[in-house]
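Commentary on secondary and tertiary structure
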Amino acid sequence: LVSVDIREIARVALDTVRPEATKRGLTLELHGEGGVPALADRNEIEIIFNNLLSNAVKYNRDGGRVDVRLSLDDAKVTIAVSDTGIGLAADEAAKLFRDFVRIKTDQTSHITGTGLGLSLVKKLALMYGGDVSVESEPDRGSAFTVVLRPIPAE
């Protein structure tokens, strides 16, 4: 574990998905200022952001938006990624964090993926003493919240 800035990792992940987002007319925004320091494995935090953001872009509607909000308190880092995408029904959302689960509908049949990204996000969140959750509504979008409890960096 090394001292990392979670906000900087978020910026890099947003830059990674920006070309595809631009093609689809999506607005990407990282809210807030200041660093979010923590002791963590940089690659693991990158995996969390890359999976959440690539999904937010893939499952969004053209002209939509993706918002990333970060917060830090004494005990936890909270990462919230919301989109204006196709959304999910409650029964579909309940299955999302299992290995190889892909929600197949007419709206998602053309979207590629392995069904491992969100299960990996869940496993990593659990490794950091946290968890992941989703709130979603069909045709309105989804909001994923990851809570991590890394050792605070000084």
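Residues numbered from 1 in each chain as written. Predicted model: local features only at pLDDT ≥ 70, side-chain atom pairs only at ≥ 80, totals over all residues. Heavy atoms only, no water.

**Comments concerning the confidence of the model for the protein chain**
The cut-off we apply is this: A residue's pLDDT is simply how confident the predictor is in it, with values from 0 to 100. Going along the chain from the N terminus, every DSSP run of H or I of four or more residues is numbered as a helix, and every run of E of two or more is numbered as a strand.
In the predicted model, the protein chain carries a mean pLDDT of 88, and 87% of its residues have values of at least 70. Taken element by element, the predicted model of the protein chain shows its lowest mean pLDDT in helix α3 (residues 90-93) (77) and its highest in strand β2 (residues 27-31) (98).

**Some details on the side chain of Ser 142**
Definition in use: In what follows, residue pairs with any heavy atoms lying within 4.5 Å of each other are defined as contacts.
The residue Ser 142 is located in strand β7 (residues 141-148) in this model. If we ignore the near neighbours within four places in the chain, the residues touching Ser 142 are Val 81, Ser 82, Asp 83, Gly 87, Leu 88, Val 134, Glu 135 and Ser 136.

**Considerations on the sheet that holds strand β5 (residues 77-83)**
Consider a sheet: its strands pair through backbone hydrogen bonds, and that pairing is either parallel or antiparallel. Note the following rule: Strands pair, by our definition, only if DSSP identifies at least two bridges between them. Lines fitted to the C-alpha atoms define the axes, with helices restricted to the stretch that makes contact. Angles between their N-to-C directions range from 0 to 180 degrees.
One open sheet accounts for 5 strands, arranged β2-β4-β5-β7-β6; its pairing is mixed. Lying at the two open borders of the sheet, with one neighbouring strand each, are β2 and β6 (131-137). In this sheet, neighbouring strand axes are inclined to one another by 10 degrees on average, regardless of whether the strands run parallel or antiparallel. As paired elements, β6 and β7 share 7 bridges and run antiparallel to each other. Bridge assignment links Asp 131 to a residue of β7, and that residue is Val 147. Of the strands in this sheet, β2, β4 (65-72), β5 and β7 touch helix α2 (residues 42-58), which is tilted by about 15 degrees from β5. The strands that helix α4 (residues 117-127) touches are β6 and β7; relative to β6, the one it contacts most, it runs at about 140 degrees.

**Things to note about the packing of α2 against α4**
Worth spelling out the cut-off: Left-handed describes a crossing whose near helix is turned anticlockwise from the far helix through less than a right angle; right-handed describes the clockwise counterpart. Note on residue categories: nonpolar means Ala, Val, Leu, Ile, Met, Phe, Trp, Tyr, Cys or Pro, charged means Asp, Glu, Lys or Arg, and polar means any other residue, Gly included.
Interhelical geometry of α2 versus α4 gives an angle of 145 degrees and a closest axis separation of 9 Å. Pair α2 / α4 crosses with left-handed handedness. Facing α2, whose interface residues are Glu 44, Ile 47, Ile 48, Asn 51, Leu 52 and Asn 55, α4 presents Gly 117, Leu 118, Leu 120, Val 121, Leu 124 and Met 127. Its residues assigned to classes, the contact of α2 with α4 shows 8 nonpolar, 3 polar and 1 charged.

**A short note on the pairing of strand β3 (residues 37-40)**
The side chains of a regular strand alternate between the sheet's two faces. Worth spelling out the cut-off: Relative accessibility decides the category of a residue: with a 1.4 Å probe and only protein chains considered, values under 20% of the type maximum give buried, values over 50% give exposed, and everything between is partly exposed.
Only one face of β3 is covered, namely the one carrying Ala 38 and Ala 40; the face carrying Pro 37 and Leu 39 has none of its residues buried. Here strand β1 (residues 2-5) pairs with β3 via 4 bridges, running antiparallel. Bridged to Val 2 within β3 is Ala 40.

**Looking at the nonpolar core**
Our working rule: Within this scheme, the nonpolar core is defined by two criteria: the residues are buried Ala, Val, Leu, Ile, Met, Phe, Trp, Tyr or Cys, and they are joined through side-chain atoms within 4.5 Å.
Grouped together as the largest cluster of nonpolar side chains are 40 residues, with contacts concentrated most on Ile 6, Phe 49 and Ile 79. If you list the elements that add at least two residues to this core, you get α1 (6-23), β3, α2, β4, β5, α4, β6 and β7. Beyond its immediate sequence surroundings of up to four residues, Ile 79 is in contact with Ile 6, Ile 48, Phe 49, Leu 52, Arg 69, Leu 70, Phe 144, Thr 145, Val 146 and Leu 148.

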